Amino acid sequence: MMENASQPPLIELRGISKYFGPVRALENVNLVVNRRQVVGLVGDNGAGKSTLMKILTGAYQPTFGEILLEGRPVHFASPHESRLAGIEMVYQDLALAGNLSIAANIYLGREPIKRQWGLFRFMDEKRIENGSRELLERLKINIPNVKARVENLSGGQRQSVAIARATAFNAKLVIMDEPTAALAVKEVAKVLETVLNLRAHGVAVILISHRMQDVMSVADRIIVLYEGAKVADLERSKTNLDEIVAYIVGSKGSAAQARAVAEG
Ligand SMILES: Nc1ncnc2c1ncn2[C@@H]1O[C@H](COP(=O)(O)OP(=O)(O)O)[C@@H](O)[C@H]1O
Ligand SMILES: [Mg+2]
């Protein structure tokens, strides 16, 4: 589908800076995420990737700068608020309840309630199970039994459940912070497939990963942070691994230019 030229981007971060006491974690970062776009966010350890995403989800407040959602300024006081607005984060540690079923995890905190004789309130188990099954099917995630406990799943299956959970309720943007860090190769492929399935369902994704081959294989755009500043924002089709790595290590971009000037 053609994007309406006058339509504002899904997300816009403007002039985001973040200080932790004397530590400058982010410096004047501008970033746009369009609908149905997979954005790879990369950079060395400590470059500011997680901090930027925590600001976007309301886990941290920016020291300076503003966030626009579909063209409107928003203030997320907590991840709960960004979630209500359609922004979901899948954390590295997944934050699933191992002792509960897959279906229960997908609906955790948002269980449909039914009343018996208009009086007693019950969790609607059937709706939870059917809803979970439909959702997994839609995302082409192959998990036969939604009643199975999460603790009995493989790492890749857990990741899939976390993603399904994140997208269950009309997410517009899913943020994944190192989703493949602890996975076996076969499972990584599944997660990347899920990223593409999300995009196919109209959801934008921000993918943070150290695994450059993962980022290069699914991202439409790649953004590089270096010491808290955005140093590159490139279309995947117009860049390559060598160029991205040069930005990540600071041998290309404003940091390298500043060094060259200093050294004459
Ligand atoms: N809660 C915090 N308190 C103090 N410093 C922090 C905090 N969170 C992150 N930082 C600092 O901010 C910088 C960016 O960190 P982070 O966003 O975690 O980087 P990345 O995710 O790219 O590895 C680092 O220097 C880190 O030490
Ligand atoms: Mg991080």
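Residues numbered from 1 in each chain as written. Chains lettered and ligands numbered in written order. Predicted model: local features only at pLDDT ≥ 70, side-chain atom pairs only at ≥ 80, totals over all residues. Heavy atoms only, no water.

Things to note about the layout of surface pockets
(1) Moving on: Estimates place the volume of the second largest pocket at around 170 Å³.
(2) Moving on: Sorting the residues of the lining of the second largest pocket by element identifies helix 5 (155-167) and helix 6 (185-200) as the ones contributing at least two each.
(3) Moving on: In the lining of the second largest pocket, the residues fall into two nonpolar, five polar and three charged. (1 Å grid on protein atoms, 1.4 Å probe; cavity = no way out; pocket = protein on both sides within 12 Å on 5 of 7 lines; lining within 4 Å. Points joined across faces, edges and corners; volume = space filled by probe spheres on them. Helix = DSSP H or I, 4+ residues; strand = E, 2+ residues; numbered from the N terminus. Nonpolar A, V, L, I, M, F, W, Y, C, P; charged D, E, K, R; others polar.)

Things to note about the site of ligand 1
(1) Moving on: Around ligand 1, the surrounding shell consists of Phe20, Ala25, Asp44, Asn45, Gly46, Ala47, Gly48, Lys49, Ser50, Thr51 and Tyr60.
(2) Moving on: Take glycine 48: an N or O atom from its main chain is 3.0 Å from an oxygen atom of ligand 1.
(3) Moving on: Protein coverage of the free-state accessible area of ligand 1, which is 560 Å², stands at 62%.
(4) Moving on: Sort the elements by how many residues they give to the shell around ligand 1 and helix 1 (residues 49-57) lands first, with three residues.
(5) Moving on: Of the residues in the shell around ligand 1, the class split is four nonpolar, five polar and two charged. (Near = heavy atom within 4 Å. Polar contact = N/O pair within 3.5 Å; in protein donor to acceptor, adjacent residues only side chain to side chain. Areas by Shrake-Rupley, 256 points an atom, 1.4 Å probe, with all protein chains shown as cover.)

Some thoughts on the sheet that holds strand 12 (residues 229-235)
(1) Moving on: Strand order in the open sheet made by the six strands is 6-9-10-3-11-12, with mixed pairing throughout. Only two strands of the sheet have a single neighbouring strand rather than two, namely strand 6 (87-90) and strand 12. Each adjacent strand pair in this sheet contributes to an overall mean axis angle of 20°, direction not counted.
(2) Moving on: Both strand 9 (residues 173-177) and strand 10 (residues 204-208) contribute to a ladder of five bridges, which runs parallel. When the sheet's bridge partners are listed, isoleucine 175 is paired in strand 10 with isoleucine 206. (Pairing = 2+ DSSP bridges. Axes fitted to C-alpha atoms, helices over the stretch in contact; angles between N-to-C directions.)

Regarding unusual backbone geometry
(1) Moving on: One non-glycine residue, arginine 36, lies in positive phi territory at about 50°.
(2) Moving on: Secondary-structure assignment places arginine 36 in the loop between strand 2 (23-33) and strand 3 (38-42).
(3) Moving on: Of note in the backbone geometry, glutamate 70 takes a positive phi value of approximately 50° without being a glycine.
(4) Moving on: With respect to the secondary-structure elements, glutamate 70 resides in the loop between strand 4 (64-69) and strand 5 (72-74).

Considering the environment of alanine 103
(1) Moving on: The residue alanine 103 is located in helix 3 (residues 102-107) in this model.
(2) Moving on: By relative accessible area, which is 1% here, alanine 103 ends up buried.
(3) Moving on: Each C-alpha atom, one on alanine 103 and one on glutamate 27, is 41 Å from the other, the two residues being 76 residues apart in sequence. (Buried < 20%, exposed > 50% of the residue type's maximum accessible area, 1.4 Å probe, protein only.)

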